[in-house]
Each structure stands twice: as C-alpha cells, then as structure tokens.
Amino acid sequence: MAVWIQAQQLQGDALHQMQSLYGQHFPIEVRHYLSQWIEGQLWDAIDLENPQEELKAKRLLDSLIQELQKKAEHQVGEDGFLLKIKLGHYASQLKSTYDRCPLELVRCIKHILYTEQRLVREATNSSSPVGSLMDSMSQKYHQINQAFEELRVLTQDTENDLRKLQHNQEYFIIQYQESLRIQAQLSSLATLPPADRQLREPSLLSKRATVEAWLTREANTLQKYRLGLAEKHQKTLALLRKQQTVILDDELIQWKRRQQLAGNGGPPEGGLDILQSWCEKLAETIWQNRQQIRRAEHLRQQLPIPGPIEELLTELNSTITDIISTLVTSTFIIEKQPPQVLKTQTKFAATVRLLVGGKLNVHMNPPQVKATIISEQQAKALLKNENTRNDSSGEILNNNCVMEYHQTTGTLSAHFRNMSLKRIRRSDRRGAESVTEEKFTILFESQFSVGGNELVFQVKVSLRGCVPSKWYLSGTGRVPFIVPDKVLWPQLCEALNMKYKAEVQSNRGLSEENLVFLAQKAFSSSCVNPEDYRNMTMTWSQFNRESLPGRNFTFWQWFDGVMELTKKHLKPHWNDGAILGFVNKQQAQDMLMSKPNGTFLLRFSDSEIGGITIAWVAENPNKAERMVWNLMPYTTKDFSIRSLADRISDLNHLLFLYPDRPKDEVFSKYYTPPLCKLDLYLSTYFSSFLTWYIQWCEKVYWLPWILETPLTPQHIFSSVSLISSIIYP
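What counts and what doesn't
Residues numbered from 1 in each chain as written. Predicted model: local features only at pLDDT ≥ 70, side-chain atom pairs only at ≥ 80, totals over all residues. Heavy atoms only, no water. Helix = DSSP H or I, 4+ residues; strand = E, 2+ residues; numbered from the N terminus. Buried < 20%, exposed > 50% of the residue type's maximum accessible area, 1.4 Å probe, protein only. Areas by Shrake-Rupley, 256 points an atom, 1.4 Å probe, with all protein chains shown as cover. Pairing = 2+ DSSP bridges. Axes fitted to C-alpha atoms, helices over the stretch in contact; angles between N-to-C directions. Contact = heavy atoms within 4.5 Å. Parallel < 35°, antiparallel > 145°, perpendicular 65-115°, else oblique. Left-handed = near helix turned anticlockwise from the far one by under 90°. Nonpolar A, V, L, I, M, F, W, Y, C, P; charged D, E, K, R; others polar. Phe/Tyr/Trp six-rings, centres within 6.5 Å; stacked < 30°, edge-to-face > 60°. 1 Å grid on protein atoms, 1.4 Å probe; cavity = no way out; pocket = protein on both sides within 12 Å on 5 of 7 lines; lining within 4 Å. Points joined across faces, edges and corners; volume = space filled by probe spheres on them. Expected span 1.5 Å × (residues − 1). Arc of directions from axis to C-beta. Polar contact = N/O pair within 3.5 Å; in protein donor to acceptor, adjacent residues only side chain to side chain. Bend = angle between axes of the 7 residues up to and from the residue. Salt bridge = Lys/Arg side-chain N within 4 Å of Asp/Glu carboxyl O.

Engineer: Which residues make up the overall build of the chain, and what values go with them?
Structural biologist: Helix and strand counts for the chain stand at 23 helices and 16 strands. Taking all 729 residues of the chain together, the buried fraction comes to 41%. As displayed, the chain offers around 39,700 Å² of accessible surface, 52% of which is attributable to carbon and sulfur atoms.

Engineer: Got a sec to walk through the sheet that holds strand E9 (residues 455-462)? Specific residues and values, please.
Structural biologist: Across the sheet, 4 strands lie side by side as E5-E3-E8-E9; this open sheet has antiparallel pairing. Each edge of the sheet is formed by a strand with only one pairing partner; in this case those strands are strand E5 (400-402) and E9. Adjacent strand axes in the sheet meet at a mean angle of 25 degrees, parallel and antiparallel pairs treated alike. Inspection of the sheet shows strand E3 (residues 368-375) paired to strand E8 (residues 440-450) by 6 bridges, in the antiparallel sense. Its bridge partner lying in E8, Ile373 is registered against Ile442. Sheet contacts for helix H11 (residues 309-330): E8 and E9; angle to E9, the most-contacted strand, approximately 40 degrees.

Engineer: Lay out the packing of helix H13 (residues 489-504) against helix H16 (residues 555-576) with the relevant residues and their values.
Structural biologist: Two elements in contact, H13 and H16, have axes whose closest approach is 9 Å; the angle formed by their N-to-C orientations is 40 degrees. Considering the angle they form, H13 stands oblique to H16. Helix-helix and strand crossings are classified by hand; for H13 and H16 the assignment is right-handed. In this structure, H13 contributes Trp489, Leu496, Lys499, Tyr500, Glu503 and Val504 to the contact, and H16 contributes Phe555, Trp556, Phe559, Val562, Met563, Thr566, Lys567, Lys571 and Trp574. Grouping the amino acids of the contact of H13 with H16 by side-chain chemistry returns 10 nonpolar, 1 polar and 4 charged.

Engineer: Tell me about the packing of aromatic side chains, and name the residues and values.
Structural biologist: Per the stated rule, a full pass over the model turns up 25 aromatic pairs. Ring centres of Phe332 and Phe448 lie 5.4 Å apart, and the angle between their planes is 85 degrees; on these two criteria the pair is classed as edge-to-face. Taken as a pair, Phe332 in strand E1 (residues 332-336) and Phe448 in strand E8 lie far apart in primary sequence, 116 residues in all. Accessibility assignment for this pair places Phe332 and Phe448 in one class, buried. Between Trp489 and Phe523, the ring centres sit 5.4 Å apart and the planes meet at 70 degrees, which makes this aromatic pair edge-to-face.

Engineer: An account of the sheet that holds strand E12 (residues 599-604) is needed here, citing residue identities and associated values.
Structural biologist: What the 5 strands build is an open sheet, ordered E14-E13-E12-E15-E16; its pairing is mixed. In this open sheet, the two strands that pair with only one neighbour each are strand E14 (625-630) and strand E16 (661-662). Here strand E15 (residues 656-657) runs beside E16; their pairing, made up of 2 bridges, is antiparallel. Opposite Phe656, over in E16, you have Pro662 as the bridge partner.

Engineer: Describe the pairing of strand E4 (residues 394-397), listing the residues and the values that go with them.
Structural biologist: Alternating residues of E4 divide into Gly394 and Ile396, all buried, and Glu395 and Leu397, none buried. Summarising the sheet, E4 and strand E7 (residues 411-424) pair through 4 bridges and their orientation is antiparallel. The partner of Gly394 across the bridge, within E7, is Ile424.

Engineer: Describe empty space enclosed by the protein, and please don't skip the residues or the numbers.
Structural biologist: Applying the stated criterion to the full structure yields 1 cavity of 30 Å³ or more. The space that makes up the largest cavity amounts to roughly 50 Å³. Breaking the lining of the largest cavity down by element, the ones donating at least two residues are helix H9 (194-263) and H11. In terms of residue count, H9 provides more of the lining of the largest cavity than any other element does, 4 residues in total. Looking at the lining of the largest cavity residue by residue, the classes come out as 7 nonpolar, 1 polar and 1 charged.

Engineer: I'd like to hear about H11, residue by residue, with values.
Structural biologist: Across its 22 residues, H11 extends 31 Å between first and last C-alpha, which sits within 8% of the 32 Å expected from 1.5 Å per residue. Among all positions in H11, only Ile309, Leu312, Leu313, Leu316, Ile320, Ile323, Ile324, Leu327 and Val328 are buried. Considered in projection along H11, the buried side chains sweep an arc of 130 degrees and stay on one side of the axis. Structural note: H11 exposes Glu311 and Thr314 on the side pointing more than 90 degrees away from its buried face.

Engineer: How would you summarise the side chain of His406 if you had to cite specific residues and measurements?
Structural biologist: With respect to the helices and strands, the residue His406 is situated in strand E6 (residues 404-406). A relative accessible area of 6% places His406 in the buried class. At 3.2 Å, the side chain of His406 and the side chain of Glu104 are in polar contact. For His406, the residues in contact, after removing those within four places along its chain, are Glu104, Arg107, Thr411, Ser413 and His415.

Engineer: Any chance you could break down the layout of surface pockets for me, citing the residues and the numbers?
Structural biologist: There is about 1,600 Å³ of room inside the second largest pocket. Around the second largest pocket, the lining comprises 43 residues; the ones closest to its centre are Asp13, Gln17, Ser20, Ser277 and Lys281. When contributions to the lining of the second largest pocket are tallied by element, the ones reaching two or more residues are helix H2 (12-19), helix H7 (102-125), helix H8 (132-188) and helix H10 (272-302). Counting residues per element, the lining of the second largest pocket draws most heavily on H10, at 11 residues.

Engineer: Just give me the short version of the environment of Gly509, but keep the residues and values in it.
Structural biologist: With respect to the helices and strands, the residue Gly509 is situated in the loop between H13 and helix H14 (512-523). For Gly509, a relative accessible area of 18% translates into the label buried. Residues Gly509 and Asn575, spaced 66 residues apart in sequence, show a C-alpha to C-alpha distance of 9.3 Å. In contact with Gly509, other than residues within four places in its own chain, are Asn497, Lys501, Asn514 and Trp574.

Engineer: Please give an account of unusual backbone geometry that cites residues and values.
Structural biologist: Here the amide bond leading from Tyr658 into Pro659 is cis, since omega sits at 5 degrees, within 30 degrees of zero. Examined against the element boundaries, Pro659 turns out to sit in the loop between E15 and E16. Here Ser524, not a glycine, exhibits a phi torsion of approximately 50 degrees, which is positive. By secondary structure assignment, the location of Ser524 is in the loop between H14 and strand E11 (537-539).

Engineer: Residue-level account of H16, with values.
Structural biologist: Along an α-helix, residues three or four apart share an orientation, since each turn contains 3.6 residues. In this model H16 runs just 26 Å from its N-terminal to its C-terminal C-alpha over 22 residues, more than 12% under the 32 Å that 1.5 Å per residue would give. Of all bends in H16, the biggest is about 100 degrees, found at Leu570, and the proline Pro572 comes one to four residues later. Listing the buried residues of H16 in full gives Phe555, Trp556, Trp558, Phe559, Gly561, Val562, Met563, Leu565, Thr566, Leu570, His573 and Trp574. Phi turns positive, to about 80 degrees, at Gly577, one or two residues after H16.

Engineer: Residues and numbers for the pattern of salt bridges, please.
Structural biologist: Using the criterion set out here, one finds 30 salt bridges in the structure. Put simply, Glu149 and Arg152 hold a salt bridge, and the shortest N to O gap is 2.7 Å. Taken together, the residues Glu149 and Arg152, both in helix H8 and 3 residues apart, mark about one turn of the helix. On the accessibility criterion, Glu149 (39% relative accessible area) is partly exposed. Glu564 is the partner of Lys568 in a salt bridge, and the nearest nitrogen-oxygen pair spans 3.2 Å. Within this pair, Lys568 and its partner Glu564 are both found in helix H16, separated by 4 residues, close to a single helical turn. The class for Glu564 is partly exposed, based on a relative accessible area of 28%.

See below:
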C-alpha cells in the first residue's frame, strides 16, 4: 500500500505530526495530488553532500513542476477551476523557492517521506505480526513517548504553581507596603497633640497587628509554596535526567554502533531523525524548566525569606545546567564519517551535526567547526579530560566549516566536502608496532552559545579510533583505540559475512560451510563441525600479523584478496551460485572424483592472494586412471584480458559445473559474442593492410612517426587519405 494512503489513516498525535511536516516550503496539496509520482522517484540516490548532484536535483525539481502543471491542466469544472489556479500557484512557488537550491527540495522530500514511513510503521507495529524485535522497539518508543508526556504534565504543573506563587508574592508585597504605611502613620502621631494621638493610635495599632499577623502567616505560606515548587522541580529534573540517559546513553550509543557497523559493511544506521526529535523535546523541556528555576530564583531575591530555599535553588540551577551541558555536548555528532583509512593528498568528506541546534537557536550565531588530526595518546587524554596541548599530529586542508541551518528539516550541520590530509606526523615508537598500525583520529571542535550567550559550551567529538587493517568486532560500542587482543570466532564470522556482502554488493553471503572452511584456514584445523569452533577465539596476531602456515600472507590479506577479486570480476557468477570458492584442494578432489569426466568447480586459490583456480576431473593420459587437475590461479590481471566465462568456454575439456550442470547452461549468457564473418574478414584484411603499411612507411622514412603514434584504424585511414592526396592530388 502506498505510504500516502496509509499516512492519511493516522490518528491523534501521529496525524498532527504528519500534518506539521507541510507548509509554505512544501504544501500538503502537492503531496496529495502527486503522491504516486513522488513515491516513485529515487530520492535516496542523490547524495545531498555532493554539490555535483545538484544537476540531478534540478531535473527532479523541473519534473515536479511539470507534473504539477500537467495536473493543473487536466482540472475541469467549477471546482477544478479553483484547483487549477491553486496548483499553478504552487508550481510557481516551488520553482522560486528551490530553483537556486534544488538539493534543498530533495532534502525536504526525503525528510517528509522518512517521517511518514516512521509514523505509519509505529502506528501499525502494535497490530502487525512483524516479529518480536519490532514489538520491543515499539514498546521502547512508547515508553519514551510516555515519559515525555509525563514531563510535559510536570512542567505545566510547575508553571502553574510558579504563576500562583508570583501572584501571591505580589499581593504579599502590597500588604507589606501597607504595613510600612501604617508604621509611618504611627510614627507621625508623635507630632500630634495627646488627645488626637489617643484618638487615632488604637485603630492604627489594631490595623498593624492584623496586617503583621497576616504577613507572618503568608510568609510561611510563601515559604511552603517555594519549597513545594522546588521539590516538584527536583522530581522533574530526576525524570529528565533518566529520560536523557535512555536517549543519550542507550539510543544514541546504539545509533553510533550501527553507524560503525555500517562503515564495516552493515546495514544503514537510520533513525537519526527520530533521535533528533527526542533530543529536541529534551532540549525544549530542559530549557522551560531552567527558565522556571531562574524565575523562582528571581522571586526569592525580590522577597528574601529566611529558610533552606536558597540552597535548594542553587542546587537546582546547578543540576539543570549540568543536564543541558550534557545534552549539548553529547548531541554534537559525526553524521557522516570519513574513510577509515586516509591517504595524504586525497580528498575526503565528513559531516557533523548538532541534534538540538534548532531548538536552542544555536544557529542564530552560526558556530564554526574545526577539524584536526590527533594521535592515540592525545585522544586518550581528551577522554580523561586531561589538559593537552593543541598541537595536531598532522595538517588537514579545508578543515574549517560554518554550520548551516536547514529550515525545512530543522537540522544544524557542517559539511566538510573537500578536506585533504596534507601531512602526518608519526610518533617515535621503534619496535612497538608497525607504521601501518599506528592509530590517529580526526577531532572536530566548536563553541556553541545558548540563550543569547547566556551559556557557552566548548564541544569536541572524534572518530572512533581504529587500526588501518580491518579488525571487525560485534557487540556494544568499544572504547576508542582499545583493540581487543582476541575475539570469539562466531563474532568474527558475523562481521566477516557482513563485510563480504557489503564489499561484493551481494545478497549471497557466507554459508555455514564457507565459515567452517575459513575456520580451518584460520586455526590450521581439520575439524568440520561448526560447533567445534563456537568457543574458539582468534587473536589480532592470528588475524593480521602472523602469516598462514607455509604462506607469506596473513588470514586477513587472503580474505581481503578474495573479496577484491569477487567484487571486480566474479560478482555475477558468485550471485548465480556458480562459484563454490571456499573449498581446499583435498576437498575439491574428494568432491570431483565421484563425478563424470569433465566435471569442474571453481575454488579460491590457497597459494595466491586474489586468485581463483579451476579444478576438474579427467583421465590421466600417462596412467590408466582418473585424477583431478588444477589450473594455475587466475587473478585480476588475467580477467582484465579475458573474462572467466570466456576462459571456461575456451577449455573444451570442461563439460559440467559441479555437481552436474552443463557449463553452457550456466555461463553462456556471459560469453563474449563471436565475430561475425564480415568482422572476421575485415579483421584479416586490416592485418594484411597494416603489414603493407608499415613496410611502405619504412621506405618513405615515416617509421619514427608510426612508432610514436598509436596504431588505430582511425590514424591509419587518415594517414592513407593524406598519402593518397599527396600521390593523387
């Protein structure tokens, strides 16, 4: 079912959220009348951070306007006339808004579609049997939203109490001024004659006693109100801190972990817009409570009443400042990570984002972000909040960027599009580790002012430390730069499978048999039962320091070579299941000996990185027996000359792909079409002509020119034309 059809069935708060997505920047009528067209476009195919994608975005904008105009032209009747005018107006409006910044239109529509899908998914999760994971996510989201509702009620309650306190205090001050006026009148009686003083003094004394008694009672009441309000604020702040812990320490950390896995081949991290909406709600609620606490402090200063309220308000103000500081510093994140391995003089990009920038109006004074490269020691010192020198461990070009606010999505971010590592300064660590394993990270720094410079925060965020060679682990977020010495084999299998599918860009991953083969290679074992490896661990040295037995390369180097070869030359055959790949020489022999002659299989070479070999069974001409033959491994260099399918076609003794599939049935769709008779004739003629041409050129001393010029048909025929024009003017 189309997303828009489902979105129209939303109710309550979800419907309100959906409606709030639209406005002058993108009218809801456009979404309604062009719903099918909008959902049919490849919005996600456009990289918003790449300025070169602007042309694609411009074409989408032009197509959108054309669709609107077309829709307007087909409106008939009285109601159609009004709609025709409205749609035409929207077409002009969108063109004027996005003609100079078409990428913003793409950003806007992507945000709308993503939010609609999320709202529909959340609304249907409770009734759809989509699995326990989605149910638990739905329950978790429900708990978070429920906590926000409780915070909203508490904040509204303290707001009402604060207004009541302010009203009562204002009335108290009026009565206090009245008592001062009565006291002044009593003091002035001393100047009057005794008779007049005796006449007026009793009523003034009575009035003063009444007012003072009321003031004493009301002062106690005001103190109770203040204490009650402070206790309510304590409860609100406790819930705020708990909610913030759930969002920042659980949800945001999980998003960062998913981002890390996505960089290593995992699924896209997603969910950042949901996180931003939660963080914005936190920021809004925190700021409201902070303003309330400041107003309560102002009321206390306006009317000091002895008691513990002063210490309570000081504590509340310190707590709320700490909460908002944690929120701002924690929500300064790296939205788009640069490559894990950086090369000097090579461009790379990154994006940082402040999830609460819009709500706290940080964009009113656009902050600047600076990127520097720092060493492992500097990064660890920063984690411990130790004072370090500002020296960087290298130089990055184009490392300053101003954060921009995008009105349509409410995001505040800085896009570093053209950074380049100019140089790197390595530490003197002789014998400690190889140069390729020395670790660095990129540190992003900025300064945010909140509430008109009322609060100023110094913020820093860095990439997760990693080693240049890949050491993929599963589990929750690890401490940057801390590389575990060993990891359970099942964990590594999960990461290797994820990386393999991502690199090869294939839905066919590593089977259990493939993983057993890898375990045998990694541990030099002959066990074939997967359970035998379940509790085994692999060390970093085994993974990418120690060479495999009898080889001059490591386990990772071999596996990385397999991925590279498959990605570049073997992907369609891997997807077809034509490549068994992860089979050793002995296994191949055992499998083929029971099959007819001419049966073959494809396996990755044990002896060469990035190689694949063909093993087949046939008669041994020197002996009256059958045997399994293995070709020299093919590599990328070989396949750049002639494809695997064509090489298999060339080998007439290969008949059946294991177990029993005729080779043409599997590979013929990948064969290079043969030359037709005319092409063959022209090819032969061209070869003969070329021989004559070179001989002729030698005679007329044109050979040096020939040797310096590529011998293409165009060059030769143009030369012949030139020669002909000279000989036959």
